[in-house]
Structure formats: C-alpha cells, structure tokens
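Remarks on the overall topology
Given next are the chains, with one letter for each unit.
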Amino acid sequence: MAQNEQVSETTASAPKKGSSKLVLIMGVALLAMAGVCAYVLLGARAPHEGATAGAPKVAMSKQEQYMPLDPPFVVNFRDDQSMRFLQVGVSLMSHDAASLAAAKDAEPVIRNALVMLFSSQDYTILSDAAGKQKLQAQALAAVRKIVNDRLGRPGVEALYFTSFVMQ
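Now for a quick tour of the structure. (Residues numbered from 1 in each chain as written. Predicted model: local features only at pLDDT ≥ 70, side-chain atom pairs only at ≥ 80, totals over all residues. Heavy atoms only, no water.)

**A look at the packing of helix H5 (residues 107-119) against helix H7 (residues 129-151)**
In contact at an axis separation of 10 Å, H5 and H7 are set at 155° when each is read in the N-to-C sense. Overall, the two elements H5 and H7 adopt an arrangement that is roughly antiparallel. Where H5 crosses over H7, the two elements pack in a sense that is right-handed. Counting all contacts with H5, which are made through Val 109, Ile 110, Ala 113, Leu 114, Leu 117 and Phe 118, the residues of H7 involved are Leu 135, Gln 138, Ala 139, Val 143, Ile 146, Val 147 and Arg 150. When grouped by side-chain class, the residues that make up the contact of H5 with H7 number 11 nonpolar, 1 polar and 1 charged. (Axes fitted to C-alpha atoms, helices over the stretch in contact; angles between N-to-C directions. Helix = DSSP H or I, 4+ residues; strand = E, 2+ residues; numbered from the N terminus. Parallel < 35°, antiparallel > 145°, perpendicular 65-115°, else oblique. Left-handed = near helix turned anticlockwise from the far one by under 90°. Contact = heavy atoms within 4.5 Å. Nonpolar A, V, L, I, M, F, W, Y, C, P; charged D, E, K, R; others polar.)

See below:
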C-alpha cells in the first residue's frame, strides 16, 4: 500500500507533457489571431490610402445635406387620349458640400436636363412604382453627369422626389 501511495505522489507532482503542448498551441493561436486583427485594422487601410494619395481629399460630412430644387418642376406630356401634366418636387442629397455647391451653380443646366427628361415620359409608364423608380434613377444619372462635368466627380449621392403629381 505504501508503494501505491508513492506512485500516486510522483504522478501528481510531475507536470503533464500534454498540458505544456496545449499551452504552447494556445499561445501560438493567440499570437496568430492578434496578427490577423492588426492586419485587418491597420494593414487593410494602407492600400486605400496609397491609392488616393494622388487624388485631392474630399471633405465629406457625416450628416447628409439636402438641396431642394425649387420651384417644383411642372411639365406637360402627351398621352394617347389627352394632354397630361406632371408636377415633381426634387431634392438632391450628398455628404459633400462642394458637390451641392457645384449643383447650385449649375442649377439652370440641371433644371433644363430634368425638364427635358420629365417631359419625354409616357403616362402609362409613370403610373406604377417601377416607372417612377426608373425615372428617379435617370434623373440622378443626369444630375451626376452635370456635376461630374463641373467638379470632376459625381458627388450627388441621391435624388428624391418630394412630390409627384400627375393629372
């Protein structure tokens, strides 16, 4: 019995070989995870900063800025049976104040492009939501093109119809 006690004491006091390997593996895994996190947080930004180093910095606001195009657009367009009228209120949205300033300076050009676009529409297409969304996308593309020609970047992020009345 004394011999059994002596064997159990030696096994209890000796460190296990498997546990030291486990600690080593966990340490390596922790270092690897720290390296990945450092790469994602620091290393992933470096290519973007280098790519835009030659481009001028654009001061983007965290808050959206809106520019209504007042007064609302009123255009007439032909339907098969009669003359139709469309009244559309439009607002532009951007995080870039310079883009909205460029749009404000080019407002007569923007209004002309939108009047031409709105007056070329078909009543049956504008009667459903998909037609209105398509018109909204076309209007945004027209505004972005005008601002891009003046500023060198599209700048305007969204165009919203604040009112839409067909008669």
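**Quick notes on the packing of aromatic side chains**
Two measures describe an aromatic ring pair: the distance that separates the ring centres and the angle between the ring planes. Per the counting criterion, the structure on display carries 4 aromatic pairs. Between Tyr 66 and Tyr 160 the ring centres are 6.4 Å apart and the planes differ by 50°, which places this aromatic pair in the tilted class. Of the two residues, Tyr 66 is situated in strand E1 (residues 60-78) and Tyr 160 in strand E3 (residues 158-166); the sequence distance between them amounts to 94 residues. On the accessibility criterion, Tyr 160 (36% relative accessible area) is partly exposed. Ring geometry for Phe 73 and Phe 118: centres 5.4 Å apart, planes at 80°, overall edge-to-face. Of the two residues, Phe 73 sits in strand E1 while Phe 118 sits in helix H5, which places them 45 residues apart along the sequence. In terms of burial, Phe 73 and Phe 118 fall into one category: buried. Cluster of aromatic residues (ring-pair linked, three or more members): Phe 73, Phe 118, Phe 161 and Phe 164. One residue, Arg 84, lies across the ring of Tyr 123, its end atom 3.9 Å from the ring centre. (Phe/Tyr/Trp six-rings, centres within 6.5 Å; stacked < 30°, edge-to-face > 60°. Buried < 20%, exposed > 50% of the residue type's maximum accessible area, 1.4 Å probe, protein only. Lys NZ or Arg CZ within 6 Å of the ring centre and 35° of its normal.)

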